[in-house]
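Coordinate inspection notes
Now for the letters of each chain:
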Amino acid sequence: MINKVGQIMLYVNNQDESLKFWTEKFGFSVISEEDNGQGLRWIEIAPTKDAQTSIILHNKEFIAKMQPELNLATPSLMFYSENLDELYKDFSEKNIKVGELVNMPSGRVFNFADNEDNYFAVMEKK
């Protein structure tokens, strides 16, 4: 049901400085930048505009306040699925710890944790 690794979520202390590092030193491009107006700023970068996998720069402090149970010390993976409802039900039935289904500007998403409480997410892109 998961068809690819779509994004790697990187939790950073300063999004602007991290964006500068990845674009100026690594040569990555900004794919998209969104702000939900409530403090959640989402910056998507990748080596090329048509890359299959991208990096999302998240504000570590904001995410920690929003979901204090998450381990933000390491990057998280964002998987893509074409049937999010079915996958959510399947994970729930297997007693995998799942978060709520959330509507984001780029699609519906839910998070889940592995056996060591590492955070991952699955998105059904619009």
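Residues numbered from 1 in each chain as written. Predicted model: local features only at pLDDT ≥ 70, side-chain atom pairs only at ≥ 80, totals over all residues. Heavy atoms only, no water.

1. Structural notes on the side chain of S18
- For S18, the position within the fold is in helix α1 (residues 15-25).
- Among the residues examined, S18 registers a relative accessible area of 16% and is labelled buried.
- Beyond its immediate sequence surroundings of up to four residues, S18 is in contact with V12 and L57. (Helix = DSSP H or I, 4+ residues; strand = E, 2+ residues; numbered from the N terminus. Buried < 20%, exposed > 50% of the residue type's maximum accessible area, 1.4 Å probe, protein only. Contact = heavy atoms within 4.5 Å.)

2. Notes on empty space enclosed by the protein
- Counting across every chain of the model gives one cavity of 30 Å³ or more.
- If you add up the space inside the largest cavity, you get close to 60 Å³.
- Taken together, E34, D35, N36, L40, W42, M104, P105 and S106 make up the lining of the largest cavity.
- Along the lines of polarity and charge, the residues of the lining of the largest cavity split into four nonpolar, two polar and two charged. (1 Å grid on protein atoms, 1.4 Å probe; cavity = no way out; pocket = protein on both sides within 12 Å on 5 of 7 lines; lining within 4 Å. Points joined across faces, edges and corners; volume = space filled by probe spheres on them. Nonpolar A, V, L, I, M, F, W, Y, C, P; charged D, E, K, R; others polar.)

3. Some words on the packing of aromatic side chains
- One pass over the full model with this rule turns up nine aromatic pairs.
- Ring plane angle 75° and centroid distance 5.1 Å describe the contact between F91 and F112, whose orientation is recorded as edge-to-face. Placement of F91 in helix α3 (residues 84-93) and of F112 in strand β7 (residues 107-113) is noted, with a sequence separation of 21 residues between them.
- Site record: aromatic cluster; members linked through ring pairs are F79, Y88, F91, F110, F112 and F120. (Phe/Tyr/Trp six-rings, centres within 6.5 Å; stacked < 30°, edge-to-face > 60°.)

4. Quick notes on α1
- Considered for burial, the residues of α1 that qualify are Q15, S18, L19 and W22. Down the axis of α1, the buried set is contained in an arc of 100°. They therefore lie on one face. Exposed and facing more than 90 degrees away from the buried side of α1 are E24 and K25.
- Against β1 (2-12), β2 (29-35), β3 (41-46) and β4 (54-59) lie the buried residues of α1. (Arc of directions from axis to C-beta.)

5. Description of the layout of surface pockets
- Space inside the largest pocket adds up to approximately 380 Å³.
- Breaking the lining of the largest pocket down by element, the ones donating at least two residues are β1, α2 (60-66), β6 (102-104), β7 and β8 (119-125).
- Of the residues contributing to the lining of the largest pocket, the split by class is 15 nonpolar, six polar and one charged.

6. Let's talk about the environment of N71
- Relative to the assigned elements, N71 resides in the loop between α2 and β5 (76-81).
- Taking the C-alpha atoms as reference points, N71 and Y11, separated by 60 residues in sequence, lie 9.8 Å from one another.
- Excluding anything up to four places from it in sequence, N71 contacts D117 and N118.

The quantities given are spatial measurements derived from coordinates; they are silent on function.
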